[in-house]
Amino acid sequence: MVTKDVMTPLVALLKECSTGLDSNEMPPQEKKDQNRNSIENIANEAVNVLWNICECSSRAVSIFNKEGCLEIVLKYLSRFSTNVDLAISVAYCLQTVTEDNPELLKSFSAPALHVLESAMLSPVSSMEYILLKTLVAGTIWNLKDIIPSKSQAEIINAILKILSEVLEMDAGETVIQMKETETQRIKTAAQTEDTLQNVNGDDLIEDDEMEEIPHRRKVRRKTFISDLLPPTDKELRETIALLTAQQTALEIIVNMCCSEGFSDESDAFMENSLSECGGQLLSPLCLSHEVHTALTNYLIPKKIFEKTAFPNSIAVDVCSRNPSWKPLIRKMSTIQCRALVCLQSLVSLLDVDHLGGPAALQTLAQHLSQLLFSQPDFAKHVDFLEAISSALRALLQTVASKNIPQCMTPDQLLTLCRAGIHSSNVGVRVNVVSILGITGSVLAKEDGTLDTLKTIGCFLLEVATKDPSLVVAGEALDALFDVFADGKEAERASVQIKLLSALKEFQPVFKMKVCSILFRNAEVSAFCGRRELVIYTKSHMIFFWQIRKEGRAKYSPDQLCVLDNVKMNLRRFVAYQETVEKRLTT
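Everything quoted here is computed from the prediction, not taken from an experiment.

Conventions used here
Residues numbered from 1 in each chain as written. Predicted model: local features only at pLDDT ≥ 70, side-chain atom pairs only at ≥ 80, totals over all residues. Heavy atoms only, no water. Helix = DSSP H or I, 4+ residues; strand = E, 2+ residues; numbered from the N terminus. Buried < 20%, exposed > 50% of the residue type's maximum accessible area, 1.4 Å probe, protein only. Axes fitted to C-alpha atoms, helices over the stretch in contact; angles between N-to-C directions. Left-handed = near helix turned anticlockwise from the far one by under 90°. Contact = heavy atoms within 4.5 Å. Nonpolar A, V, L, I, M, F, W, Y, C, P; charged D, E, K, R; others polar. Phe/Tyr/Trp six-rings, centres within 6.5 Å; stacked < 30°, edge-to-face > 60°. pLDDT = per-residue confidence, 0-100. Salt bridge = Lys/Arg side-chain N within 4 Å of Asp/Glu carboxyl O. Arc of directions from axis to C-beta.

*Asks:* I keep staring at the overall build of the chain and nothing clicks. Help me out?
*Replies:* The helix and strand tally for the chain stands at 27 helices and 0 strands. When the 586 residues of the chain are sorted by exposure, 46% land in the buried category.

Here it is, written out as structure tokens:
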């Protein structure tokens with residue numbers, strides 16, 4: 001659509017609506033209201049189109065920047081007190097175009113920020129306004145780089161206060177109550193209509209000579225009353241607004257956890273990070289003091305934990321019996337999945353004490369285990385499986401690093417991994433492989449774990465050599481390095497499953513695949529200076545061209561760096577295993 005220049009007429013329409021709203025600020029009142037409503041409806045549709053295009057096209061975002069669309073949509077947003085639907089559409093659009101858009105950030109003046117602040121701090125508490133305030137909070141978070149350092153703590157507190165209030169609401173109870181309200185409203189309206197029909201019918205039947213007219217009057221009267229009924233989806237719209245607000249709030253928190261911090265901390269910080277880490281950036285999973293404090297002060301971890309539970313069964317039953325409400329079941333499930341992803345971020349970031357201590361982590365492990373195994377067909381629910389396996393992975397990593405006893409048994413984890421490894425979702429497969437690696441590395445330090453380690457080793461070896469995704473294969477190799485890097489039981493298990501011979505056979509295959517992908521990705525061409533990418537025998541060249549097709553898959557720079565490191569570590573691990581096997585067999 002952008003290539004066909006849809007943006008030119010769209011921007012022109014937005015400007016025309018803006019001008020039309022200005023001209024309608026003058027009386028006469030009645031005509032003004034009619035024209036304004038019509039223009040605002042058109043503007044609402046136009047902003048929705050703009051939002052959807054910008055979400056899919058960076059070129060559209062660039063046009064948004066250059067054509068001064070920000071000023072137009074902010075004018076629409078300023079009408080939030082009289083047209084919340086239009087304001088919500090603008091807030092969606094702003095949250096999209098302000099993400100990773102430094103050029104647009106320069107256009108935000110003090111009056112523009114004031115419009116956002118006014119919308120975010122609106123005292124109205126209806127569910128549609130809750131959604132509006134949540135979306136605007138997300139936009140303001142995207143603008144964090146232009147917020148003065150002295151105001152950062154205040155702004156972060158305001159954002160997380162709104163998110164906390166949104167998450168505090170019980171979505172399941174709200175669904176039940178709103179459905180009851182809708183049912184009662186429709187019932188009352190129907191009874192009122194029947195009463196009016198009966199009254200009119202009795203009056204008309206008294207006159208026998210007007211025998212034919214009552215039927216016509218009844219028809220006209222029935223249509224007239226029906227037209228006066230309020231919209232039948234009022235409660236549904238409000239409920240959807242709340243569910244969407246909660247989902248958005250959870251997504252904003254994940255973004256907060258993955259942020260690299262405020263730009264006001266200067267480029268010197270980044271330079272120091274690079275020098276201290278040997279040229280590698282610090283993990284983006286680091287919280288500023290302001291965010292960390294606000295998260296704990298507003299009890300965000302506790303509220304996220306509560307959202308990880310399955311949706312209210314009564315609410316699900318209510319929705320399943322009404323076609324128009326049925327889509328809400330999926331929305332409630334999506335909230336659960338987003339909460340699990342949030343939980344993963346918080347467990348990775350916060351200290352054990354801020355998470356409630358070792359006992360709370362063990363309770364959390366039991367909770368996640370219960371969620372997982374209470375569904376016999378959990379492997380079929382891909383979004384849920386990816387989210388919960390991510391949370392489990394982070395939790396097990398934290399528990400292992402702090403030497404806290406594991407609550408889930410190896411058999412339970414193997415059941416999860418055997419189901420998850422057949423998933424079509426690469427993220428699920430990566431998570432279950434990592435979970436086994438964490439579990440195996442803990443068991444390797446204990447006595448009497450030989451058989452379990454052999455089972456884990458065989459599982460990981462099969463994944464490494466047979467999974468079609470190089471990312472999963474690399475994760476499986478990395479897990480093998482962790483499991484069999486140390487420990488007497490691990491050394492015995494590696495010899496008994498013939499780990500060394502299997503890795504020696506697989507090593508050239510993996511090396512060639514990784515080199516092929518690095519070769520095809522220009523952004524990491526620095527890796528391609530190694531001699532193995534240039535010097536091939538004739539037999540290797542045929543194989544190289546066969547696997548070049550795999551390099552067409554898109555890999556992120558981070559994934560490519562990890563794969564290159566795994567390739568080097570594989571060579572070192574094979575050398576280590578040679579010494580282990582030699583020592584144990586002599």
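From this point, the narrative continues.
*Asks:* Is there a simple way to think about the packing of helix 9 (residues 149–168) against helix 14 (residues 289–297) in this case?
*Replies:* For any two helices packed against each other, one specifies the inter-axial angle together with the distance between the axes. Two elements in contact, helix 9 and helix 14, have axes whose closest approach is 9 Å; the angle formed by their N-to-C orientations is 35°. For the pair helix 9 and helix 14, the sense of crossing is right-handed. For the pair formed by helix 9 and helix 14, the contact residues are Gln 152, Ala 153, Ile 156, Asn 157 and Leu 160 on the first element and Glu 290, Val 291, Ala 294 and Leu 295 on the second. Its residues assigned to classes, the contact of helix 9 with helix 14 shows 6 nonpolar, 2 polar and 1 charged.

*Asks:* Help me understand unusual backbone geometry, please; the structure alone is not making it clear to me.
*Replies:* Across residues other than glycine, the phi torsion is negative in most instances, and most of the peptide bonds are trans. Its identity as a non-glycine residue notwithstanding, Asp 100 has a phi of 50°, on the positive side. Position of Asp 100 relative to the elements: it lies in the loop between helix 5 (84–97) and helix 6 (102–105). Residue Asp 100 is classed as exposed on the basis of its relative accessible area, which comes to 75%. For Asn 403, which is not glycine, the phi torsion reads 55° and is therefore positive. Among the structural elements, Asn 403 can be located in the loop between helix 19 (382–401) and helix 20 (410–420). Taking the relative accessible area as the measure of exposure, Asn 403 reaches 69% and is therefore exposed.

*Asks:* What is the right way to look at helix 4 (residues 69–77) in this model?
*Replies:* Each full turn of the α-helix corresponds to 3.6 residues, which orients residues three or four apart in the same direction. Of all 9 residues making up helix 4, 7 are buried, and the element is well covered by its neighbours. Turning to helix 4, its buried residues number three or more, namely Cys 69, Leu 70, Ile 72, Val 73, Leu 74, Tyr 76 and Leu 77.

*Asks:* Would you mind going over the packing of aromatic side chains with me for this structure?
*Replies:* When we look at a pair of aromatic rings, we describe it by the centre distance and by the angle of the planes. For the structure shown, the criterion picks out 6 aromatic pairs. Their ring planes at 85° and their centres at 6.0 Å tell us that Phe 373 and Phe 378 sit as a pair that is edge-to-face. Owing to a relative accessible area of 29%, Phe 373 belongs among the partly exposed residues under this scheme. Relative accessible area serves as the criterion here: at 6%, Phe 378 is assigned to the buried category.

*Asks:* Can you walk me through the confidence of the model for the chain in this structure?
*Replies:* A low pLDDT score tells you not to read the predicted coordinates there in detail. Looking at the chain as a whole, the pLDDT averages 83, with 80% of positions reaching at least 70. When pLDDT is averaged over each element of the chain, helix 8 (residues 127–142) comes out on top at 97 and helix 13 (residues 266–276) at the bottom at 35. Contacts for the low-pLDDT stretch residues 260–285, under 50 throughout, to residues beyond four places or in other chains number 29 contacts. A low-confidence stretch, residues 522–552 (pLDDT under 50), is modelled with 38 contacts involving residues beyond four sequence positions or located in other chains.

*Asks:* What should I look at first to understand the environment of Tyr 298 in this one?
*Replies:* Along the polypeptide, Tyr 298 turns up in the loop between helix 14 and helix 15 (300–307). Residue classification places Tyr 298 among the partly exposed positions, given a relative accessible area of 24%. A sequence separation of 138 residues divides Tyr 298 from Leu 160, and the C-alpha atoms of the two residues are 7.2 Å apart.

*Asks:* What am I meant to see in the packing of helix 8 against helix 9 here?
*Replies:* Relative to each other, helix 8 and helix 9 sit at 145°, their axes nearing to 10 Å. Helix 8 and helix 9 meet at a crossing whose hand is left-handed. When helix 8 is examined against helix 9, the residues Ile 130, Lys 133, Thr 134, Ala 137, Ile 140 and Trp 141 are found in contact with a partner set consisting of Ile 155, Ile 156, Ile 159, Ile 162, Leu 163 and Val 166. For the contact of helix 8 with helix 9, the residue count by class is 10 nonpolar, 1 polar and 1 charged.

*Asks:* Just checking my understanding: could you explain the pattern of salt bridges for this structure?
*Replies:* Inspection of every chain in the model, using the stated rule, returns 19 salt bridges. Here Glu 128 makes a salt bridge to Arg 237, at a shortest N to O gap of 3.4 Å. In this pair, Glu 128 sits in helix 8 while Arg 237 sits in helix 12 (residues 234–257), placing the two residues 109 residues apart along the sequence. Residue Glu 128 is classed as buried on the basis of its relative accessible area of 18%. Through salt bridges with shared partners, a single network forms among Asp 85, Glu 128 and Arg 237.

*Asks:* Can you help me understand the side chain of Ser 122 in this one?
*Replies:* Locating Ser 122 in the fold gives a position in the loop between helix 7 (110–120) and helix 8. Setting aside anything within four residues of it in sequence, one finds Ser 122 in contact with Phe 80, Tyr 129 and Lys 133.

*Asks:* What is the right way to read helix 7 from this model?
*Replies:* For helix 7, the complete set of buried residues consists of Ala 112, Val 115, Leu 116, Ala 119 and Met 120. In an axial view of helix 7, the angular spread of the buried residues amounts to 130°, which keeps them on one side of the axis. Opposite the buried face of helix 7, at more than 90 degrees from it, the exposed residues are Ala 110 and Pro 111.

*Asks:* Would you mind going over the environment of Asp 145 with me for this structure?
*Replies:* Locating Asp 145 in the fold gives a position in the loop between helix 8 and helix 9. Each C-alpha atom of the pair Asp 145 and Pro 102 lies 8.6 Å from the other, and the pair is 43 residues apart in sequence.

*Asks:* Help me understand the side chain of Asn 44 in this model?
*Replies:* Considering the arrangement of structural elements, one finds Asn 44 in helix 2 (residues 29–56). A residue is classified by how much of its surface remains accessible, and Asn 44, at 15% relative accessible area, is buried. Look past the residues within four positions of Asn 44 in its chain and what remains in contact with it is Asp 85, Leu 86 and Ser 89.

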